[in-house]
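# What the coordinates show
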Amino acid sequence: MFKILVYDGSFEGFLSCVFYSYEYGLDNVSIESNNTSTNNFFDEIVEVATNEEHSDRVWKGIGKRSKTARTLLYKAFLSEAYGVENDMLFFIQQILQDKMKDAIDFSEPRILNLSKLAKMVGREKHRMDAFVRFRQTKDNVYFATIEPDFNTLPLNIAHFKGRYADQKWFIYDIKRNYGIFYNLETVEIVSLEMVEKSIIFDSPDSVFTLSELEFQQLWSTYFESTNIKARINNKLHTRHVPKRYWKYLSEKSVILKK
């Protein structure tokens, strides 16, 4: 009987499913997140609990054979593409069987798909590094919101921790309802309650400093006044700064409100 291994959506949970499939010698198996899994009368559903010991063993086993493969797998996972887990499972099986000891075989369609997803995630990560704009709160925390196409926050941590090591900051992914908070020492994963989100987004005067709000308005006004309409090249501009990122930029707030 075909088995569907369901996990909690975390990367460790996925790796726990990989361990489970090896532990029980499963061949006809599919791995699905509990957010996307659909019940099928003819398949057996197995809920696999996240086990850090098991996930670590799988991750270390992959790392011993290929560090490049680990990076590719993690980025592909962050794409959240439907069915990506099964392409990843196939890739891991090839790695652990030492079928790719010398080089990764990108002629295999499933591995090529993972590579494409990983590259897209990497590009989105760099865009978030460039386009995030912080606002200073009354608690002296620099706050920013993002809505990336892919789950890039785990990849953004090193960049912002290195660049803003001397200040507290909080980047929140609105789409996925979680954020990363840096307290000058460590980075923590944080989720906001509905009331907290309502205060931040609906009542900015109560959260952000007056000087910050004035600066945002000043920067928007400056951008509009120095923008020479006769020299605008919208096609070139949107190629470098796609419109979907404008909502992050202070200098674009005037344009978006019109």
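From a predicted model like this one, the values you see are computed outputs, not experimental measurements. (Residues numbered from 1 in each chain as written. Predicted model: local features only at pLDDT ≥ 70, side-chain atom pairs only at ≥ 80, totals over all residues. Heavy atoms only, no water.)

### A few points about the overall build of the protein chain
For the protein chain, the count of helices and strands is 10 helices and 8 strands. Relative to its full complement of 258 residues, the protein chain shows a buried share of 42%. A separation of at least 24 residues holds for 67% of the contacts in the protein chain among residues at least 6 apart in sequence. Entry remark: accessible area of the protein chain is about 15,300 Å², with carbon and sulfur atoms responsible for 51%. (Helix = DSSP H or I, 4+ residues; strand = E, 2+ residues; numbered from the N terminus. Buried < 20%, exposed > 50% of the residue type's maximum accessible area, 1.4 Å probe, protein only. Contact = heavy atoms within 4.5 Å. Areas by Shrake-Rupley, 256 points an atom, 1.4 Å probe, with all protein chains shown as cover.)

### Focus on the nonpolar core
Core analysis: the largest hydrophobic core is formed by 37 residues, its most contacted members being L5, F14, I31, L73, M88, F91 and L114. At the level of secondary structure, the elements contributing two or more residues to this core comprise β1 (3-7), α1 (11-23), β2 (29-33), α2 (52-65), α3 (67-78), α4 (84-96) and α5 (109-131). Setting aside residues up to four positions removed in sequence, F14 forms contacts with Y7, I31, F77, E85, M88, L89 and I92. (Core = buried A, V, L, I, M, F, W, Y, C linked by side-chain atoms within 4.5 Å.)

### Description of the side chain of T152
Here T152 lies in the loop between β5 (142-146) and α6 (153-163). Among residues more than four places away in sequence, those in contact with T152 are V121, E124, K125 and M128.

### Description of the pairing of β5
Burial analysis of β5 places 4 of its 5 residues in the buried class, which makes it a mostly covered element. Pairing of strand β4 (residues 135-136) with β5 involves 2 bridges; the strand directions are antiparallel. When the bridges of β5 are listed, R135 appears paired with F143. In this structure, the hairpin formed by β4 and β5 is closed by a connection of 5 residues, where N140 is found at a positive phi of approximately 65°. By the bridge criterion, 5 bridges tie β5 to strand β6 (residues 169-173) in an arrangement that is parallel. (Pairing = 2+ DSSP bridges.)

### Details of the sheet that holds strand β3 (residues 44-47)
Strand order in the open sheet formed by 3 strands is β2-β1-β3, with parallel pairing between adjacent strands. A strand with exactly one partner marks an edge of an open sheet, and here the two such strands are β2 and β3. When the angles between neighbouring strand axes are averaged without regard to direction, this sheet yields 25°. Looking at chain direction, β1 and β2 are connected through 5 bridges and run parallel. In the strand pairing of β2, Y7 is matched with S33. (Axes fitted to C-alpha atoms, helices over the stretch in contact; angles between N-to-C directions.)

### Observations concerning the pattern of salt bridges
Considering all chains together, one arrives at 6 salt bridges under this definition. A salt bridge links E44 to K3, with the shortest nitrogen-to-oxygen separation between them at 3.9 Å. Of this pair, E44 sits in strand β3 while K3 sits in strand β1, and the two are 41 residues apart along the sequence. Given the relative accessible area of 33%, E44 is considered partly exposed. The salt bridge involving E124 is made with R127; its shortest N-O contact spans 3.9 Å. Within this pair, E124 and its partner R127 are both found in helix α5, separated by 3 residues, close to a single helical turn. (Salt bridge = Lys/Arg side-chain N within 4 Å of Asp/Glu carboxyl O.)

Note that all results are geometric; they support no functional claim without further evidence.
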